Amino acid sequence: MKRRTGDNGVSSQPKEMPSTVECYDAWSSTYDSDGNILQLLDNDAFEEIAQPLLNLNQNKLCCELGCGTGRNTIKVLSSEWLVIAVDVSTSMMAKAQQRVKQLDKTRASSISWIIHDLNGNDELFINESSVDAIISTLVIEHIASLDQFFQTIFRILKKTDDSWVFITAMHPNMYRAGSQAGFVDATTNQKLCGVSFDHSIQDIVQAAAKVNLTTAKYLEKGVNSEEHANQLGSRAKKWVGTNIHASFLFKLRMN
Ligand SMILES: C[S@@+](CC[C@H](N)C(=O)[O-])C[C@H]1O[C@@H](n2cnc3c(N)ncnc32)[C@H](O)[C@@H]1O
């Protein structure tokens, strides 16, 4: 697993590399509107894997690790689940809070918020075996230790047959082609990136397996054709023929 920080070659190198928090604090104002094609593929994966599971139940508790601006948070709340939303960036979370406020009062009050660094030494302040499901979309590239991440997931997840974990990731194909999560800061025209880690698909599956999470579904999504690229937006063109998004559904092995 390799670590990469900072600028990705869009323009000249910034003098100082931002931390992941600084990057997302700065990105928060444009995160929802800058034509990120991964979010579109992520929406499809969520619809295919997570939404049918959410539809099976109501009033269950989902923890979202790395809620960002609440893109998926509101889908979980709107499915009549309760949510604990966790993120390290107060600015990203503030956007999520604005988004949630637009839901009806009951849904908007069915959430609690925790600012927490999943790479830090402090334990996430959520009780053991207390949540029915966990989602974490497009966050894992920022996770330094997959073992620590999955130990947290295992600790807070209820140990039942019905419990599930939905994780999505920028596919390693993208990272290896030089991409990582980041945005072009309009004021400096520099690409700002936080700290990313090159976790392979196998690394993720193996780290999950160490805490008894088995892969119930695995999906890869890419830009299938020029026509598909046109639908996704201009940033998709360079990825025609490449899988750029991966999603995992994990379930607990109960025996
Ligand atoms: C690419 S965004 C994804 C946001 C949202 N899940 C989505 O799919 O739109 C990554 C999010 O992970 C958060 N994040 C990154 N590193 C983190 C860490 N160490 N602990 C908690 N959150 C982190 C960032 O602040 C950001 O909101």
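Residues numbered from 1 in each chain as written. Predicted model: local features only at pLDDT ≥ 70, side-chain atom pairs only at ≥ 80, totals over all residues.

1. Describing the nonpolar core
The biggest cluster of nonpolar side chains holds 68 residues, and the ones touching the most others in it are C62, I134 and V165. No other element matches helix α2 (residues 37-55), which puts seven residues into this core. In this view, I134 contacts C62, C63, L65, I153, L157 and V165; residues no more than four positions away in its chain are not counted. (Core = buried A, V, L, I, M, F, W, Y, C linked by C-beta atoms within 7 Å. Buried ≥ 20, exposed ≤ 12 C-beta atoms within 10 Å, placed from the backbone. Helix = DSSP H or I, 4+ residues; strand = E, 2+ residues; numbered from the N terminus. Contact = placed C-beta atoms within 7 Å.)

2. Notes on the pairing of strand β6 (residues 164-170)
Across a regular strand the side chains alternate sides, sitting on one face of the sheet and then on the other. Of all seven residues in β6, seven are buried; the element is thus mostly enclosed. Burial along β6 is two-sided: the residues W164, F166, T168 and M170 and V165, I167 and A169 are all buried. As judged from the five bridges shared by strand β5 (residues 133-137) and β6, these two strands associate in the parallel manner. For I135, the partnering residue across the bridge sits in β6 and is F166. The handedness of the β5 to β6 crossover, carried by helix α6 (residues 146-156), is right-handed. The sheet contact formed by β6 and strand β11 (residues 243-252) spans seven bridges and is antiparallel. For A169, the partnering residue across the bridge sits in β11 and is A246. (Pairing = 2+ DSSP bridges. Right-handed = clockwise from strand over helix to strand, strands pointing away.)

3. Some details on the sheet that holds strand β2 (residues 61-65)
Spatial strand order, β4-β3-β2-β5-β6-β11-β10: seven strands in an open sheet with mixed pairing. One side of each edge strand has no neighbouring strand; the edge strands of this open sheet are β4 (111-115) and β10 (213-222). Across this sheet, the average inter-strand angle for adjacent strands is 15°, counted without regard to direction. Pairing of strand β3 (residues 82-87) with β4 involves five bridges; the strand directions are parallel. Of the residues in β4, the one forming a bridge with I84 is S112. Strands in contact with α2 are β5, β6, β10 and β11; relative to β11, the strand with the most contacts, it is inclined by about 20°. (Axes fitted to C-alpha atoms, helices over the stretch in contact; angles between N-to-C directions.)

4. Quick look at the site of the ligand
Contacts to the ligand come from 21 residues, most closely from G66, G68, S89, L118 and H142. Looking at the shell around the ligand, the elements with two or more residues in it are α1 (20-27) and α2. The residue inventory of the shell around the ligand, partitioned by class, reads eight nonpolar, nine polar and four charged. (Near = placed C-beta within 6 Å. Nonpolar A, V, L, I, M, F, W, Y, C, P; charged D, E, K, R; others polar.)

5. A look at unusual backbone geometry
Its identity as a non-glycine residue notwithstanding, N59 has a phi of 60°, on the positive side. By the element assignment, N59 lies in the loop between α2 and β2. A positive phi is found at S129, a non-glycine position, where the angle reads about 45°. Mapped onto the fold, S129 is located in the loop between β4 and β5.

6. Quick word on the UniProt feature "domain: Methyltransferase type" (unreviewed entry) in the protein
Per the UniProt entry, the sites bearing "domain: Methyltransferase type" (unreviewed entry) are residues 64-159 in this numbering. Across residues 64-159 one finds 34% helix and 19% strand; the C-alpha atoms that close the span lie 18 Å apart. (UniProt positions renumbered as here; feature names shortened; annotations may be inferred.)

7. Observations regarding the packing of α6 against helix α8 (residues 201-210)
At a minimum axis distance of 9 Å, the contact between α6 and α8 shows a crossing angle of 45°. Our classification of the angle between α6 and α8 gives oblique. Note on packing geometry: the crossing formed by α6 with α8 is right-handed. Together, L146, D147 and F150 of α6 and D203, I204, A207, A208 and K210 of α8 make up the contact between the two elements. (Parallel < 35°, antiparallel > 145°, perpendicular 65-115°, else oblique. Left-handed = near helix turned anticlockwise from the far one by under 90°.)

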